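Given next are the chains, with one letter for each unit.
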Amino acid sequence: EEWHQKLHNNTSPDDVVIAEAYLAFLRANGDLKVFYASLAAGGVSRERMASYEQPIHADPNFVPHINQEHMHDIDEYLKLLRAVHLGTDLS
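The rules behind the values
Residues numbered from 1 in each chain as written. Predicted model: local features only at pLDDT ≥ 70, side-chain atom pairs only at ≥ 80, totals over all residues. Heavy atoms only, no water. Axes fitted to C-alpha atoms, helices over the stretch in contact; angles between N-to-C directions. Helix = DSSP H or I, 4+ residues; strand = E, 2+ residues; numbered from the N terminus. Parallel < 35°, antiparallel > 145°, perpendicular 65-115°, else oblique. Left-handed = near helix turned anticlockwise from the far one by under 90°. Contact = heavy atoms within 4.5 Å. Nonpolar A, V, L, I, M, F, W, Y, C, P; charged D, E, K, R; others polar. Salt bridge = Lys/Arg side-chain N within 4 Å of Asp/Glu carboxyl O. Buried < 20%, exposed > 50% of the residue type's maximum accessible area, 1.4 Å probe, protein only.

J.: I would appreciate a short explanation of the packing of helix H2 (residues 13–27) against helix H5 (residues 67–86) in the present structure.
T.: Axis angle and axis distance: for two packed helices, these are the angle between their axes and the distance between the axes, and together they describe the pair. Two elements in contact, H2 and H5, have axes whose closest approach is 9 Å; the angle formed by their N-to-C orientations is 160°. As the angle between them shows, H2 and H5 are arranged roughly antiparallel. In terms of crossing hand, the pair formed by H2 and H5 is left-handed. In contact with Pro13, Asp15, Val16, Ala19, Glu20, Tyr22, Leu23, Leu26 and Arg27 of H2, H5 contributes Asn67, His70, Met71, Ile74, Asp75, Leu78, Leu81, Arg82, His85 and Leu86. Among the residues making up the contact of H2 with H5, the classes are represented as eleven nonpolar, three polar and five charged.

J.: Is there a simple way to think about the pattern of salt bridges in this case?
T.: In a structure, side chains of opposite charge can pair up when their charged atoms sit close to one another. Counted by the stated rule, this structure contains three salt bridges. Between Glu20 and Arg82 there is a salt bridge whose closest N-O contact spans 2.8 Å. Here the residue Glu20 occupies a position in helix H2, and Arg82 occupies one in helix H5, the gap between them amounting to 62 residues. Relative accessible area serves as the criterion here: at 28%, Arg82 is assigned to the partly exposed category. One salt bridge in this structure joins Lys79 and Glu76, with 3.0 Å as the shortest N-O distance. Highlighted residues: Lys79 and Glu76, both in helix H5, separated by three residues, approximately one helical turn. The partly exposed category is assigned to Lys79, whose relative accessible area is 39%. On the basis of relative accessibility, which here comes to 36%, the residue Glu76 falls in the partly exposed class.

Interpretation note: all reported values are geometric properties and have no functional meaning in isolation.
As structure tokens, then:
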């Protein structure tokens, strides 16, 4: 629920990093080390995520039977986040 709420409330440039880390996590078949290494590379820590208005304390979930569809959805969302927060083109 924390992840769901974060996606629907006041996105920020951190959400680009979080979405990239989450995609890396999904591509690594749910390897949390990959997720947290990707977050750290982007400058986002667990403590930072816990400090958000909609805090995130829980690790992300990996659901193998929907992984491919989920990766597609998050990749599309990441494109939107990049356009909004980094000024990249939507095309």
